Amino acid sequence: MSILGFRRAAAPAPEPKDEALADFLHGCSVEVMPRTAEKVEDFAAILPAGTRVYVAHIDGTPIADMVATAARLRAEGMEPMPHFPARIIADRATLLDWVARYRGEADVRQGLILAGGVPTPAGDFETSMQLLETGAFTGFDRLHVAGHPEGNRDIDRDGGMKNVSDALAWKQKFSERTDARMAIATQFCFEAGPVIEWANAIKAAGIDLPVHIGVAGPAKLQTLIKFAIACGVGPSLGVLQKRAMDVTKLLLPYAPTEFVSELAWHKAANPDFNIESVHIFPLGGIKTSATWLSEHSKDEE
């Protein structure tokens, strides 16, 4: 059985690089939305017990749907981690209501606190820091915050890194005064070199929060390019565009194996490397991502 809970036929002993990849994938998380979760008959059949599953909150999704999805994930043995996007939460009363419903109906103990992708705030909150300052998440076991290895033009309109860097410094200080375990969950990327440079840079700047690197799950190349542009992925978008120019690869599905393997090998060679986990964005479908994970996971002894 793999570390992700999937049985598979016996295979030859893995090469060291494969071993590093399997270790790196241990404990990875995935992401769903209520409408994508509906396509999965039973999460326990495709993911191991205790898998952290982020529940993405897109503007316009009723909170009842979000809570119901989290409750279902809990019932099927997963660890739900809903998004709390500042810019779609009207006020403190709404935030407290959401937290109470998640805690009461789905036993939610973890949350991803982020600004949210909408350009205009719906009410009192604009940043994740404002949400954290409310104290609404007291008692949560885990609080994850957003990271941007390639910057974010919604935050730094000049294409730089100053504001995102300042925000990480604030979150680092916040982590020192909360009992919750904190980590940085990043947008998905496609190129290992810049990610390694970014991770080393924030560590050198005193940010010791562990990083959960965002990875796009297997999908059609055209699908990934569409999502990458919509989500503001930066320079590593060029990796996809270069692939699209190769006629022999254009029609083949993309898989993140090479990208994740490079990070895994770096982690194996540098145990203090601050990327500790992988977060999968299942852009080609959660079942497709689950299959990829099982194929690259380490068999349990």
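Residues numbered from 1 in each chain as written. Predicted model: local features only at pLDDT ≥ 70, side-chain atom pairs only at ≥ 80, totals over all residues. Heavy atoms only, no water.

A. The arrangement of the sheet that holds strand β1 (residues 29-32) in detail. Here we have eight strands rolled up into a closed barrel, ordered β1-β2-β3-β4-β5-β6-β7-β8, and parallel in their pairing. Averaged over all neighbouring strand pairs, the angle between strand axes comes to 30°, with direction disregarded. By the bridge criterion, six bridges tie strand β7 (residues 211-216) to strand β8 (residues 275-281) in an arrangement that is parallel. Counted as the bridge partner of Val211 is Ile275 from β8. Against the sheet, helix α7 (residues 192-204) touches β6 (181-189), β7 and β8, its axis set at about 155° to β6. Seen against the sheet, helix α11 (residues 257-269) touches β6, β7 and β8 and runs at an angle of roughly 155° to β7. (Pairing = 2+ DSSP bridges. Helix = DSSP H or I, 4+ residues; strand = E, 2+ residues; numbered from the N terminus. Axes fitted to C-alpha atoms, helices over the stretch in contact; angles between N-to-C directions. Contact = heavy atoms within 4.5 Å.)

B. Quick peek at the side chain of Gln110. Structurally, the position occupied by Gln110 is in strand β4 (residues 110-114). For Gln110, a relative accessible area of 8% puts it in the buried group. Of note is the side chain of Gln110, whose polar atom sits 2.8 Å from the side chain of Arg52. (Buried < 20%, exposed > 50% of the residue type's maximum accessible area, 1.4 Å probe, protein only. Polar contact = N/O pair within 3.5 Å; in protein donor to acceptor, adjacent residues only side chain to side chain.)

C. Representation of the pairing of strand β2 (residues 52-55) in the model. Across the two faces of β2 the burial is the same, with Arg52 and Tyr54 and Val53 and Val55 all buried. Pairing analysis gives three bridges linking β1 to β2, with the strands arranged parallel. The residue bridging Val32 from the neighbouring strand is Val55, located in β2. For β2 and strand β3 (residues 79-85), the ladder comprises four bridges, and the chain directions are parallel. The residue bridging Val55 from the neighbouring strand is Pro82, located in β3. Each parallel crossover has a hand, and the one from β2 via helix α3 (residues 63-75) to β3 is right-handed. (Right-handed = clockwise from strand over helix to strand, strands pointing away.)

D. Examining the packing of aromatic side chains more closely. For the coordinates displayed, the defined rule picks out eight aromatic pairs. For the pair Trp170 and Phe174, a centre-to-centre distance of 5.6 Å together with 10° between the ring planes defines the contact as stacked. Of this pair, Trp170 and Phe174 are both found in helix α6 (residues 162-175), four residues apart, which corresponds to roughly one turn of the helix. Take Trp170: its relative accessible area is 22%, and that puts it in the partly exposed class. With a centroid separation of 5.4 Å and 65° between ring planes, the pair formed by Phe188 and Phe281 is classed as edge-to-face. Placement of the pair is Phe188 in strand β6 and Phe281 in strand β8, with a sequence separation of 93 residues. The burial state of Phe188 is the same as that of Phe281; both residues are buried. Through a chain of ring-to-ring contacts, three or more aromatic side chains come together here, namely Phe84, Tyr102, Phe137 and Phe140. Geometry around Trp170 places Arg177 over its ring, the cationic atom sitting 5.5 Å from the centre. (Phe/Tyr/Trp six-rings, centres within 6.5 Å; stacked < 30°, edge-to-face > 60°. Lys NZ or Arg CZ within 6 Å of the ring centre and 35° of its normal.)

E. How the structure looks around the nonpolar core. If you look at the biggest cluster of nonpolar residues, it comprises 77 residues, and the most contacted ones within it are Phe84, Phe137 and Phe259. Dropping the residues within four chain positions of it, Phe84 is found in contact with Ile89, Leu95, Trp98, Val99, Tyr102, Gly111, Leu112, Ile113, Leu114, Leu131, Phe137 and Phe140. Grouped together as the second largest cluster of nonpolar side chains are six residues, Tyr54, Met81, Leu114 and Ala185 included. (Core = buried A, V, L, I, M, F, W, Y, C linked by side-chain atoms within 4.5 Å.)

Remember, this is a structural readout, not a statement about activity or role.
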